[in-house]
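# Commentary on secondary and tertiary structure
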Amino acid sequence: MSKTVIVGGVAGGASAAARLRRLDEHREIVMFERGKFISFANCGMPYYIGRTITRREALTLQSPASFKARFNVDVRVQCEVMALNAPDKSVTVRDLATGETYTESYDTLILSPGAAPIRPPIDGLDSFGVFTVRTLEDTFALKQFIDSETPRAAVVVGGGFIGVEMAENLAELGMEVTIVLNDDHLIPPLDYDMACDLHRHIRDKGVDILFDSAVESVAHNGSVLKLRVNGRELPADLVIMAVGVAPENTLAMQAGLETGLRGAIVVDNRMRTSDPDIFAVGDVVTSRDIVTGSSVYIPLAGPANRQGRVAADVIAGLDSVFDGVQGSSVIKCFDLTAATTGINERTARAAGIDYEKSFTYSAGHATYYPGAEQMSVKLIFEKAGGRLLGAQIVGGGGVDKRCDVLATAIRAGMTVYDLTKLELCYAPPYSSAKDPVNMAGFVAENILKGITEVFHWHDVAELPRDGSVTLLDIRTTGEFARGSIDGFINIPVDSLRDNLGKLDKSKPVYVTCQVGLRGHVACRILAQNGFQCLNLSGGYRLYSGVTSR
């Protein structure tokens, strides 16, 4: 009888164990988990802290007993694998409850130890009141601290998904919250221009954000924590460290397995490591980016589950492959949702891709039906051929739905032209006859076909103000009076045809409206009357939001 040992549970390890048992009823399967819980909803932990999830039992998806009863897996919690002896095909295990150390053999091994929170070399991180949130044990300790100490001021260090989710939930508990991050925007997969809506919304909710800031030290004087941030003192009752994670690669390094980006284990598309009898899945492995083809480290639950399934399939004799990741993710941020899939501009530039981008602003459903909420949509696509490379959406209801459609389009290798042809479900409470995905495709198509030339918010500062070009704002006079870009004159689009004689055809015309739609109409009028015209992508709304920080 063959024997598979799995190191680590949660998404990757538990998925592998369950799938392997469904494929092979007679295999011996042993799972080791260092903590007390083999399968838990770590993505739900911030919401347990914020009391949206009220029962701690709701976070534990499987217990050792239930996993044994359902899948006949020998689950050993509070057992830490201390060493991997690849030549002998065994692992050395220490029972944390008894202190006993023993050896367990295997025919095949699956490594799923996950990742650990990064702890920067900052003095004072061991102070009372400083926490990380990665495991259920972390979460329960934090919850106990909040209940017993009733902190009033909290600092979250880090602006990624966990950092923003923790900031929101601490604020919902009534704390004064400050986010400190060593970057110019929150949620690194988003581009700066798309993150700005989040910045405004979070600040409107009372959370302060300190950009481009580094914590230099933490001290505890018995009553309050004092952080040194960019040379000044920041007091707090509670500190959450959420600056990212690093793969738990100790066993892999001991065994001489090949590692790559950020020390993560290198695996093939069947989740095999450099040792053919050892597989690795989840937050400890590198993956292939399906857009660029490059090696990436993306610790997400969805890929971890799929990787666990593939490893189990291969061990059971099925020809299954894991073809890569695209980084699809979504986050709730108070009343906004932000979602992203595929690559962002930073990645596209690093990969040397000749790309273009588009910005659209659409309602989640028909505007005449009550409750319509707006969303900003950004597409990144190849100039040659229009292949969809990435998408980012920030807004109200319906963001997740549209990003899932775009994620599917990227997985299928579709172009922005294909987005215009998608027949998506429509009824007034759910969408519009021209869905936001269709609208994004229409705009991108117009750009690629040269129907409307565009310029972007970061080009505005370089536009000449010497009269050699015409800078034209075609919004209403009321909109223009409430705010405009320096150097732009105002001719509303509805009176543009009557004022063409006031414009010089020998000068390029740079047009802006509020979100880009009326600018497209104006450019079509101008282009067909002999003018060269460029439309500000995303309009004044995007420009003012990005430049007003």
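The structure presented is a predicted model; accordingly, all values stated were derived computationally and were not measured. (Residues numbered from 1 in each chain as written. Predicted model: local features only at pLDDT ≥ 70, side-chain atom pairs only at ≥ 80, totals over all residues. Heavy atoms only, no water.)

### Describing the overall build of the chain
For the chain, the helix and strand inventory stands at 15 helices and 32 strands. Relative to a compact globule of 549 residues, whose C-alpha radius of gyration would be 24 Å, the chain shows 27 Å and is just as compact. For the chain, the spread of C-alpha atoms along the three principal axes comes to 90 × 60 × 45 Å. Taken across its 549 residues, the chain has 54% of its residues classed as buried. Sequence separation of at least 24 residues holds for 63% of the intrachain contacts in the chain that already meet a minimum separation of 6. As presented, the chain carries roughly 23500 Å² of accessible surface, and 49% of it is formed by carbon and sulfur atoms. Separation between the mean location of the 55 positive side-chain charges and that of the 65 negative ones in the chain comes to 4 Å. (Helix = DSSP H or I, 4+ residues; strand = E, 2+ residues; numbered from the N terminus. Rg over C-alpha atoms; globule rule 2.2 N^0.38 Å. Buried < 20%, exposed > 50% of the residue type's maximum accessible area, 1.4 Å probe, protein only. Contact = heavy atoms within 4.5 Å. Areas by Shrake-Rupley, 256 points an atom, 1.4 Å probe, with all protein chains shown as cover. Lys, Arg positive; Asp, Glu negative; His and termini not counted. Charge placed at Lys NZ, Arg CZ, Asp CG, Glu CD.)

### Some remarks on the pattern of salt bridges
Within the structure shown, the criterion is met by 31 salt bridges. A salt bridge links R134 to D283; the nearest nitrogen and oxygen atoms lie 2.5 Å apart. Residue R134 is located in the loop between β11 (130-132) and α4 (136-149), and its partner D283 is located in the loop between β20 (278-280) and β21 (287-288); the two are separated by 149 residues in the primary sequence. The class of D283 is buried, set by a relative accessible area of 13%. (Salt bridge = Lys/Arg side-chain N within 4 Å of Asp/Glu carboxyl O.)

### Overview of the state of the cysteines
Scanning the model with the defined rule gives one disulfide in all. A sulfur-sulfur separation of 2.2 Å characterises the disulfide bridge that pairs C523 with C533. Between C523 and C533 the sulfur-sulfur dihedral comes to about -65°; the bridge is accordingly left-handed. Remark: C533 occurs in strand β32 (residues 533-536) and C523 occurs in helix α14 (residues 517-527); sequence separation between them is ten residues. C196 supplies the cysteine sulfur nearest to C333, a cysteine that is in no disulfide, at a spacing of 13 Å. Classification of C333 by relative accessible area gives buried; the value is 1%. (Disulfide = S-S within 2.5 Å.)

### Some details on unusual backbone geometry
The phi torsion at T150 lies on the positive side, around 40°, for a residue other than glycine. Positive phi is not limited to glycine here, since F334 has a value of about 55°. Turning to its location among the elements, F334 is positioned in the loop between β23 (329-333) and β24 (336-342). Assessed through its relative accessible area of 8%, F334 is described here as buried.

### Thoughts on the nonpolar core
L142, L170, L238 and I240 are the most contacted members of the largest nonpolar core, which has 60 residues in total. At six residues, helix α6 (residues 192-204) tops the list of elements feeding residues into this core. Not counting the four nearest positions on each side in its chain, L238 is found in contact with G129, F131, L142, F145, I146, P151, A153, A154, V155, L170, M175 and L225. In this structure, V7, V75, I278 and V310 belong to the second largest nonpolar core, which totals 48 residues. (Core = buried A, V, L, I, M, F, W, Y, C linked by side-chain atoms within 4.5 Å.)

### Digging into the sheet that holds strand β6 (residues 79-85)
Across the sheet, three strands lie side by side as β6-β7-β8; this open sheet has antiparallel pairing. In this open sheet, the two strands that pair with only one neighbour each are β6 and β8 (101-105). Neighbouring strand axes in the sheet, compared pairwise and without regard to direction, differ in orientation by 30° on average. Bridging between strand β7 (residues 90-95) and β8 involves five bridges; their strand directions are antiparallel. Each residue of the ladder has a partner; that of T92, found in β8, is T103. (Pairing = 2+ DSSP bridges. Axes fitted to C-alpha atoms, helices over the stretch in contact; angles between N-to-C directions.)

### A closer look at the sheet that holds strand β25 (residues 355-363)
Across the sheet, five strands lie side by side as β23-β24-β27-β26-β25; this open sheet has antiparallel pairing. Two strands lie at the open edges of the sheet, namely β23 and β25, each paired on one side alone. Across the sheet, the mean angle from the axis of one strand to that of its neighbour is 10°, orientation sign disregarded. Taken together, the seven bridges between strand β26 (residues 374-382) and strand β27 (residues 388-395) define a ladder with antiparallel strand orientation. Directly across from S376, in β27, lies its bridge partner V394. Helix α12 (residues 436-448) contacts β25 and β26 of the sheet and is inclined by roughly 145° relative to β25.

### Some words on the environment of M1
Topologically, M1 is positioned in the segment before β1 (3-7). Between the C-alpha atom of M1 and that of D107, which follows or precedes it by 106 residues, the distance is 9.6 Å. Excluding residues that lie within four positions of it along the chain, M1 makes contacts with H26, R27, E28 and D107.

### Some details on the environment of S15
Mapped onto the secondary structure, S15 falls in helix α1 (residues 10-23). Sequence separation between S15 and A304 is 289 residues; the distance between their C-alpha atoms is 8.4 Å. With sequence-adjacent residues up to four places away left out, S15 is seen in contact with V10 and N305.

### Topic: the packing of α1 against helix α8 (residues 301-315)
At a minimum axis distance of 7 Å, the contact between α1 and α8 shows a crossing angle of 35°. Crossing handedness for the pair α1 and α8: right-handed. On the side of α1, the interface is formed by A11, G12, S15, A16, R19, L20, R22 and L23, while α8 contributes A301, A304, N305, G308, R309, A312, D313 and I315. (Left-handed = near helix turned anticlockwise from the far one by under 90°.)

### A few points about the packing of aromatic side chains
Under the criterion given, the structure shown has eight aromatic pairs. On the numbers, 6.0 Å between centres and 80° between planes, the contact of F37 with F140 is edge-to-face. Here F37 is found in the loop between β2 (28-33) and β3 (39-40), whereas its partner F140 is found in helix α4, with 103 residues between them in sequence. The two residues F37 and F140 agree in class, both being buried. (Phe/Tyr/Trp six-rings, centres within 6.5 Å; stacked < 30°, edge-to-face > 60°.)

### Side note on the pairing of β32
In β32, alternate side chains face the same way, and those of C533 and N535 on one face and L534 and L536 on the other are all buried. Note: strand β28 (residues 453-455) against β32, three bridges, orientation parallel. Residue pairing across strands places E453 opposite L534, the latter belonging to β32. In the sheet, strand β31 (residues 509-512) pairs with β32 via three bridges, with the strands oriented parallel. Opposite V511, over in β32, you have N535 as the bridge partner. Crossover β31 to β32 through α14 is right-handed. (Right-handed = clockwise from strand over helix to strand, strands pointing away.)

### Quick notes on α12
Within an α-helix, residues lying three or four positions from one another point in the same direction, as the helix has 3.6 residues per turn. The end-to-end C-alpha distance of α12 is 18 Å, a good match for the 18 Å that 13 residues give at a rise of 1.5 Å each. Burial in α12 covers these residues: P436, V437, N438, A440, G441, A444, E445, N446 and I447. Looking at where α12 begins, the residue whose side-chain oxygen comes 2.9 Å from the main-chain nitrogen of V437 is D435. Immediately beyond the C-terminal end of α12, within one or two residues, lies G450, with a positive phi of roughly 75°. (Expected span 1.5 Å × (residues − 1). Polar contact = N/O pair within 3.5 Å; in protein donor to acceptor, adjacent residues only side chain to side chain.)

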